[in-house]
Structure formats: structure tokens, C-alpha cells
Amino acid sequence: MEPDDIADDQNFFSCAICGLSEGDSSNLTTQNTLQTNATVGCGHQFCTSCVERELSRRKTFPCPICETVVKRVTLSTRTLDDVQCEKDTSWRRRILKVYNKVEKDFPSLLEYNNYLEEVEDIIFSIVNEEPNAEEAKAKVKAYEEANRSQIVMRQSQRADEERCIADRIASEQREAERRKREFQE
């Protein structure tokens with residue numbers, strides 16, 4: 001790791017305006033929690049004092065590092081990674097409910113892998129707000145409308161498989177309990 005990379009990492013965990021780090025004890029009169037601008041492309045952090053000062057002057061202010069607009073609604077005490085992870089998980093669940101084919105639905109492993117790659121590309125575009133994100137959302141909607149009956153059928157099959165697995169687990173647990181009671185007697 002280069003010295004500049006280390007300095008960038010240290011700056012990332014401090015206020016982008018004043019440089020105050022979270023937990024910095026130099027100013028004991030204020031609470032030093034950092035708020036993250038949870039906007040894709042920014043993710044820089046600001047201390048509460050700087051946020052309040054800047055937002056008391058105007059409704060938004062530019063991030064001094066990347067010039068992304070900072071608004072009160074985009075600030076969060078969670079890190080940008082937390083926000084991105086939640087967003088990824090949410091979109092991934094939505095997309096995989098629609099693109100729910102399994103390997104046996106394809107004539108070859110290569111075709112299945114290409115399908116999975118396409119699904120990942122769609123998720124990436126939407127989550128990371130790529131320029132083609134709206135196009136990807138439209139593609140998902142069109143695919144869902146065109147394949148609605150097959151999607152519902154696969155969802156039903158998956159639910160049946162999950163019920164079978166749950167029944168098998170419950171049966172094995174009952175059997176283990178029965179053997180445990182026999183052993184204790």
C-alpha cells in the first residue's frame with residue numbers, strides 16, 4: 001500500500017470539511033459522530049458541527065472533495081458500504097424473483113452461466129446507478145411481463161422444494177430426539 005493510499009484511508013474516516021475524526025477527544029464539548037453522504041459517487045463523511053453550520057446557511061452544500069451535492073436527506077450515520085449493501089440486497093431479491101431460472105432450464109452450462117452473468121450485470125447497473133440503469137429496469141419489467149406464467153411456476157416449484165427440505169429437517173430432528181430419549185432410558 002502506497003503512503004498516499006494510507007493518507008486517503010485516514011482522511012476517509014474524518015470530516016471532509018474540518019478533518020475531525022470520529023471519537024477525536026480534542027473537543028470534549030461536542031459529540032463527534034460522523035455522518036456519511038450516502039450518495040453514489042460521494043460517500044464522504046462530515047461531523048455534526050460542520051453539517052449544522054453548512055445547512056443553516058443553505059439547503060444544500062457541495063462536498064469539498066468531490067463536489068457532489070450534500071442534502072440533509074442524503075446524510076446517514078451508516079457508512080456508504082452499509083447503504084450500498086442494503087440497496088444491493090433489496091434489488092438482488094427483486095431481480096432474482098423475476099430471473100429465477102435454474103441450471104436444469106438450460107441445454108448447457110455455458111448458456112446458464114451467460115444467463116447468470118446477464119442477471120448480475122442488470123443488478124450492478126441498477127444498484128450502482130449506471131447510465132443504463134433505467135434501461136435495465138425496463139428490461140426486467142419487460143422480461144417479467146413476457147414470462148409471468150413461467151416465473152410463477154418456478155416460484156411454486158421452489159416453494160415446494162423448500163417445504164420438502166423443511167419437512168426433512170423436522171423429521172430428522174424428531175428422529176434425533178427419539179434416539180436421544182431411547183439412549184437416556
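Calculation notes
Residues numbered from 1 in each chain as written. Predicted model: local features only at pLDDT ≥ 70, side-chain atom pairs only at ≥ 80, totals over all residues. Heavy atoms only, no water. Helix = DSSP H or I, 4+ residues; strand = E, 2+ residues; numbered from the N terminus. Buried < 20%, exposed > 50% of the residue type's maximum accessible area, 1.4 Å probe, protein only. Contact = heavy atoms within 4.5 Å. Core = buried A, V, L, I, M, F, W, Y, C linked by side-chain atoms within 4.5 Å. Disulfide = S-S within 2.5 Å. Phe/Tyr/Trp six-rings, centres within 6.5 Å; stacked < 30°, edge-to-face > 60°. Lys NZ or Arg CZ within 6 Å of the ring centre and 35° of its normal.

### Topic: the overall build of the protein
Thought 1: Regarding its fold elements, the protein presents six helices and five strands.
Thought 2: The secondary structure elements of the protein, listed N-terminal to C-terminal, are α-β-β-α-β-β-β-α-α-α-α.
Thought 3: Relative to its full complement of 185 residues, the protein shows a buried share of 27%.
Thought 4: In the protein, 53% of the contacts between residues at least 6 apart in sequence involve partners at least 24 apart.

### Remarks on the nonpolar core
Thought 1: Ile95, Tyr99, Tyr115 and Ile122 are the most contacted members of the largest nonpolar core, which has 16 residues in total.
Thought 2: Counting only elements with at least two residues in this core, the list comes to α3 (80-98), α4 (109-127) and α5 (133-146).
Thought 3: Looking at this core element by element, the count peaks at seven residues for α4.
Thought 4: Apart from residues lying up to four places away in sequence, Tyr99 is in contact with Tyr115, Val119, Ile122, Lys139, Val140 and Tyr143.
Thought 5: Leu20, Phe46, Val51 and Cys63 belong to the second largest nonpolar core, which has 14 residues in total.

### As for the state of the cysteines
Thought 1: For the structure shown, the criterion picks out zero disulfides.
Thought 2: Free of any disulfide, Cys15 has its nearest neighbouring cysteine sulfur in Cys50, separated by 3.7 Å.
Thought 3: Of the cysteine sulfurs around Cys63, a residue in no disulfide, the closest is that of Cys66, at 3.7 Å.
Thought 4: The exposure class assigned to Cys63 is buried, which follows from its relative accessible area of 0%.

### Focus on the packing of aromatic side chains
Thought 1: As enumerated under the stated definition, the model contains five aromatic pairs in all.
Thought 2: Here Tyr99 and Tyr115 contribute two aromatic rings whose centre-to-centre distance is 6.1 Å and whose plane-to-plane angle is 45 degrees, an arrangement assigned as tilted. A residue pair is termed long-range when its members are at least 10 positions apart, and Tyr99 in the loop between α3 and α4 and Tyr115 in helix α4 qualify at 16 residues. For the pair Tyr99 and Tyr115, one class covers both residues: buried.
Thought 3: The structure contains a cluster of three or more aromatic residues connected by ring pairs, namely Tyr99, Phe106, Tyr112, Tyr115 and Tyr143.
Thought 4: The side chain of Arg94 reaches across the aromatic face of Trp91, ending 4.1 Å from its centre.

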